[in-house]
Amino acid sequence: MKSFIFSALLIASLFTVPITGSASTFENPSTWAPQTVIQGKTDETRFYSLHVYEPKRITITLENDNIVRPFAVTVFDETHRALGTVVSTKSDGDETKTVGSIDVQAGAYILQIHSFNHIVPVDFTASYTLEEVGTTDIEPNNSIEEATHVPLQSKITGAVHKVNYFDQDYYTFDVPQQGLFTIEGSTYSSAIDPETPANGWYELYNENGKQVLHNLLRDKVQTETKNFVLPGKYTLLIKYTNQIEPEMKYTLNTSFEPIAENEVISNGLNNGYLQAQLVPLNKQIKDMFYHNTSYGSQHHYYKVQLPKEMPIQITASSEVSGLQIHTYNNDTINKDSAGNNVPEPITFTTNGMAGDNVFSMMNTYGPITRADYVFSIKAQFFSDVPFSHSYFNEIEKMRDANIIKGYPNGTFHPNELILRKHVFSLLHHVDSVKLPVLREAITFTDLPRTHTYHDVIQQFYQAGIVDGYNNAITPESTLTRAQLAKILVNTFHLSHQGEAQTFKDVKPTDWYYDDVQILASHGITTGADGSFMPNAPVTRQHFAVFLYRTLNHQK
């Protein structure tokens with residue numbers, strides 16, 4: 001029995017070391033082996049060296065009977081940068097000791113024993129062990145260059161520390177395609193003051209350094225943030241906002257919902273006026289609202305660019321109620337707005353100005369999981385073609401395609417009869433029109449070489465699209481609907497498609513019968529009251545409609 005007691009005392013004496021003598025320094029640290037218990041007083045700061053040859057968890061055990069004056073062990077890297085700290089506390093439920101841990105990469109470290117938030121010396125007992133890592137927070141990961149790479153869908157656990165500095169943890173992950181990224185997170189702390197919450201903050205940045213999302217991390221409260229993201233590499237930053245507590249432990253769960261490219265057109269960064277996303281006119285834009293923060297409503301900002309002042313019209317619809325549209329002046333002051341309380345389309349018209357015109361889509365129905373919406377923006381470029389015009393869309397699409405330009409005074413003259421020379425010129429502006437040379441050019445009596453459209457009209461003759469009559473091409477004349485039918489069929493190489501429509505004023509014996517039937521079989525012409533009106537002259541607006549439908553059919 002005496003032999004057993006003697007052996008036990010001998011072992012204890014080997015692993016319990018009272019501190020005496022002068023203090024050690026960063027440059028000349030003392031040796032402190034794992035599982036060795038050190039006892040002493042914090043009247044002099046102590047530094048100890050530690051070498052880790054593979055990623056390990058440093059688990060530190062502190063014993064201190066002084067509740068008011070805690071002490072701590074802080075881990076530094078070779079550059080004297082603090083990586084984390086463990087502080088003695090009674091509020092963790094254990095009256096005899098405090099156990100904390102810090103995961104580290106392979107490398108050389110310094111452990112410092114010191115008083116925490118006071119200068120009065122206190123008695124302490126401390127030891128540490130090396131174990132397998134237990135979190136994703138493997139220090140050092142305090143910069144983008146040192147960020148820990150994690151899978152896109154992960155459980156991220158760790159702690160940020162405060163010892164005369166604020167720790168920050170960085171993580172990176174790769175997004176293979178566009179989609180909805182979600183972060184759910186909460187924090188907790190073995191606090192010195194249980195009434196003081198361990199609150200923090202996280203931020204997500206894309207590979208260009210642009211902030212994509214951010215939110216609070218709240219003590220023992222689950223928060224959720226969603227944001228649309230594009231493919232690329234992303235960096236997640238976690239930081240501590242509490243200036244009292246020594247650490248904040250966190251748990252974050254990330255998830256990802258892929259979204260097909262045809263479901264949404266967004267850059268995921270347009271959550272502020274200055275980040276407004278440039279969108280085109282006359283295109284259907286798809287986007288979505290999602291539960292971005294705990295604050296409820298959400299804005300998406302967009303802008304269109306106009307060459308001059310003109311009316312603009314925004315049409316939007318959402319699958320849920322509460323959609324609002326806001327437009328802004330240059331100073332971000334809300335200019336006009338419109339909304340609905342039921343899931344019905346909104347049409348909103350306002351005056352646009354030269355340059356950028358910013359507007360936002362806003363949801364007012366509070367936190368949601370996801371709600372898709374679509375919108376489009378039109379601009380009234382021609383003063384005599386208002387939004388209410390029967391053929392506004394067709395005329396505007398042809399203008400937007402740079403096929404028609406209108407007159408210098410900003411008018412289009414939709415009811416004016418179009419001339420043959422202008423038909424050939426406009427068709428010549430269509431990218432898909434190919435004019436192979438099938439025959440030699442001839443001289444037309446009414447088309448001298450000095451004529452503005454001489455070369456263009458000759459190309460249509462050489463391609464076999466028009467023939468002329470009695471050595472004349474009549475460029476200054478109007479043309480009939482029947483003549484336009486022939487020109488369109490020949491220019492775009494159209495043929496019968498399905499069943500055609502029967503017109504009471506178009507007979508099988510008419511020279512234009514096949515051309516009209518071909519257009520009707522493609523839905524390019526529908527006539528009126530069962531008639532095609534083959535001999536009626538073509539107006540500028542009707543030519544725009546014919547051409548729009550022809551090009552749209554080709555798509």
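Residues numbered from 1 in each chain as written. Predicted model: local features only at pLDDT ≥ 70, side-chain atom pairs only at ≥ 80, totals over all residues. Heavy atoms only, no water.

(A) Region of interest: the side chain of S127. Here S127 lies in strand β10 (residues 123–131). S127 sits in the buried class, given a relative accessible area of 16%. Sequence-distant contacts of S127, that is, excluding residues within four places in its chain, are made with W32, T36, V37, T59, I60 and T61. (Helix = DSSP H or I, 4+ residues; strand = E, 2+ residues; numbered from the N terminus. Buried < 20%, exposed > 50% of the residue type's maximum accessible area, 1.4 Å probe, protein only. Contact = heavy atoms within 4.5 Å.)

(B) Just the sheet that holds strand β17 (residues 211–217), in detail. Ordered in space as β12-β14-β19-β16-β17, the 5 strands form an open sheet in which the pairing is mixed. In this open sheet, the two strands that pair with only one neighbour each are β12 (148–149) and β17. The pairing of strand β16 (residues 200–205) with strand β19 (residues 232–240) spans 6 bridges and is classified as antiparallel. Looking at β19, one finds that Y202 is bridged to I238. (Pairing = 2+ DSSP bridges.)

(C) Summary view of the environment of L323. Note that L323 resides in strand β25 (residues 323–328). Remark: the alpha-carbon pair of L323 and M361, spanning 38 residues in sequence, is separated by 7.1 Å.

(D) Just the nonpolar core, in detail. Among the nonpolar cores identified, the biggest contains 50 residues, and I403, L427, L484, F492, L519, F543 and L547 are the most heavily contacted of them. Looking at this core, the element that brings in the most residues is helix α5 (residues 481–492), giving 7 residues. When neighbours within four sequence positions are excluded, L547 is seen to be in contact with M398, I403, L427, V430 and F492. In this structure, I156, L204, V229 and F256 belong to the second largest nonpolar core, which totals 23 residues. (Core = buried A, V, L, I, M, F, W, Y, C linked by side-chain atoms within 4.5 Å.)

(E) Region of interest: empty space enclosed by the protein. One pass over the full model with this rule turns up 1 cavity of 30 Å³ or more. Considering the residues around the largest cavity, the lining is formed by I404, F412, I418, L426, R540, F543 and A544. Considering each element in turn, the lining of the largest cavity owes the most residues, 3 residues, to helix α7 (residues 540–554). In the lining of the largest cavity, the residues fall into 6 nonpolar, no polar and 1 charged. (1 Å grid on protein atoms, 1.4 Å probe; cavity = no way out; pocket = protein on both sides within 12 Å on 5 of 7 lines; lining within 4 Å. Points joined across faces, edges and corners; volume = space filled by probe spheres on them. Nonpolar A, V, L, I, M, F, W, Y, C, P; charged D, E, K, R; others polar.)

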